[in-house]
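The primary structure of each chain is shown beneath.
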Amino acid sequence: MPFYQRIKVDDKTAVFVWKITESFNDLFREVSLKDTSLARLEGMKSESHQKGFMAVRMLLQYNGYTDFDLYYDEFGKPHLKDGVNISISHSFDFSVIILSDKNVGIDLELRRDLVKKIAYKFAEEVFVYECKDNSDEFVSKLTVIWGVKEAVFKVRNEIGISFKDHIFVRPFEMKDEKTTALLDFNSVEREFLVYFIEIENYTLVWLWEAK
Ligand SMILES: CC(C)(COP(=O)(O)OP(=O)(O)OC[C@H]1O[C@@H](n2cnc3c(N)ncnc32)[C@H](O)[C@@H]1OP(=O)(O)O)[C@@H](O)C(=O)NCCC(=O)NCCS
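Residues numbered from 1 in each chain as written. Predicted model: local features only at pLDDT ≥ 70, side-chain atom pairs only at ≥ 80, totals over all residues. Heavy atoms only, no water.

Caption draft 1: Quick peek at the domain arrangement of the chain. Each assigned domain of the chain is listed with its residue range as follows: domain 1 (3-102) and domain 2 (107-209). On a C-alpha basis, the centroid separation for the pair domain 1 and domain 2 is 23 Å. Of the residues lining the interface, 21 residues belong to domain 1; the matching set on domain 2 comes to 16 residues. Sorting the residues of domain 1 by area buried against domain 2 places Lys77, Phe92 and Phe94 first, and these three jointly supply 25% of that buried surface. The tally of links between domain 1 and domain 2 comes to one salt bridge. Between Lys19 and Glu200 there is a salt bridge, with its nearest N and O atoms 3.0 Å apart. Summed over the shared surface of domain 1 and domain 2, the number is seven residue pairs in polar contact (both at pLDDT 80 or more). Put simply, the parts of the chain that give the side of domain 1 that touches domain 2 at least two residues each are β1 (3-10), β2 (13-19), β5 (85-91) and β6 (94-100). Here the element with the most residues in the side of domain 1 that touches domain 2 is β1; it accounts for five residues. (Domains from an automatic or database assignment. Contact = heavy atoms within 4.5 Å. Buried area = accessible area lost by both parts, 1.4 Å probe. Salt bridge = Lys/Arg side-chain N within 4 Å of Asp/Glu carboxyl O. Polar contact = N/O pair within 3.5 Å; in protein donor to acceptor, adjacent residues only side chain to side chain. Helix = DSSP H or I, 4+ residues; strand = E, 2+ residues; numbered from the N terminus.)

This is how it looks when you write it as structure tokens:
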């Protein structure tokens, strides 16, 4: 099943989800890639990463773009030539993009128990410690927090941002499907509006800076 879901966020913002069930060859036949992308593809170690990369191009094509409309800046942040903002994420079975008039960030994470073991590296949030340590909810919340921090980084991508020390996700309930976050870095505070949903055993987060 290729195209999976379109989530309309507002008039100028939408999230697009691709579920990767195709083979490498099926995807390769369908996407047109510029030389630099072909070189990147060839250099990728895992077929899973290659398929995620091509599924992103399928989502571009679904939206009337091709790989030729996409370029990366020196930090690895993707841009579209027509000025529409894009953010990209891929994880095993899914690739996602968000297109918007705002500077947006998106992240997709597979929910895994492992997140509990590494939480101390990225999460200081008070409510983390209020959750029952072995509940499914705990893994869900930690995965949201992780995703928010990746997505904030994709929006700001400033050298020196620490997930643990500079990005704070405000308390939320899973049923809310939204929260806010603060980036407090280099004496500047920036607020983000955060949205999240669960798709199968993945957590999808997208956000942008509140003005
Ligand atoms: C760049 C980063 C955010 C990518 O996130 P990820 O979860 O590893 O991978 P994802 O699939 O979600 O995202 C990958 C996409 O992010 C985009 N990306 C890469 N660098 C980016 C940047 N500097 N700014 C915005 N987007 C970026 C790219 O589109 C990339 O996919 P593509 O190259 O195939 O187009 C992440 O690797 C990173 O460097 N994080 C910050 C470092 C850090 O603090 N880590 C954790 C400490 S506890």
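Caption draft 2: Examining the sheet that holds strand β11 (residues 202-209) more closely. Here five strands make up an open sheet; going across it, the order is β7-β11-β10-β9-β8 and the pairing antiparallel. Taken across any chain shown, the strands that pair with only one partner, and hence form the sheet edges, are β7 (104-110) and β8 (167-169). Sheet twist, expressed as the average angle between the axes of neighbouring strands with direction ignored, equals 25°. Where β8 lies against strand β9 (residues 178-185), three bridges are found, and the strand directions are antiparallel. Paired with Ile167 across the two strands is Leu183, which belongs to β9. Of the strands in this sheet, β7, β8, β9, β10 (188-199) and β11 are in contact with helix α5 (residues 136-156), which crosses β7 at around 145°. (Pairing = 2+ DSSP bridges. Axes fitted to C-alpha atoms, helices over the stretch in contact; angles between N-to-C directions.)

Caption draft 3: View of the sheet that holds β5. Judged by pairing direction, the sheet is antiparallel, and its four strands sit side by side in the order β1-β2-β6-β5 without closing on themselves. Of all the strands in the sheet, the pair left with one neighbour each is β1 and β5. The mean inter-strand angle of the sheet, taken between neighbouring strand axes irrespective of direction, is 15°. Pairing between β5 and β6: seven bridges, direction antiparallel. Following the sheet pairing, Asn85 is matched in β6 by Ser100. Here helix α3 (residues 47-62) sits on the sheet in contact with β1, β2, β5 and β6, set at roughly 35° to β6.

Caption draft 4: Focus on the site of the ligand. Inspection of the region around the ligand gives 17 residues, with Arg40, Tyr72, Ser89, His90 and Lys154 positioned closest. At the level of elements, β5, β7 and α5 are the ones that each hand at least two residues to the shell around the ligand. Looking at the shell around the ligand residue by residue, the classes come out as seven nonpolar, four polar and six charged. Two domains each donate at least three residues to the shell around the ligand, and these are domain 1 (3-102) and domain 2 (107-209). (Near = heavy atom within 4 Å. Nonpolar A, V, L, I, M, F, W, Y, C, P; charged D, E, K, R; others polar.)

Caption draft 5: Seen up close, the environment of Lys164. Relative to the elements of secondary structure, Lys164 occurs in helix α6 (residues 163-166). On the basis of relative accessible area, Lys164 is assigned to the partly exposed category, the value being 24%. Between the C-alpha atom of Lys164 and that of Leu99, which follows or precedes it by 65 residues, the distance is 28 Å. What Lys164 contacts, discounting residues up to four positions off in sequence, is Tyr120, Lys121, Phe122, Glu124 and Lys149. Polar side-chain contacts of Lys164 include one of 2.6 Å to the backbone oxygen of Tyr120. (Buried < 20%, exposed > 50% of the residue type's maximum accessible area, 1.4 Å probe, protein only.)

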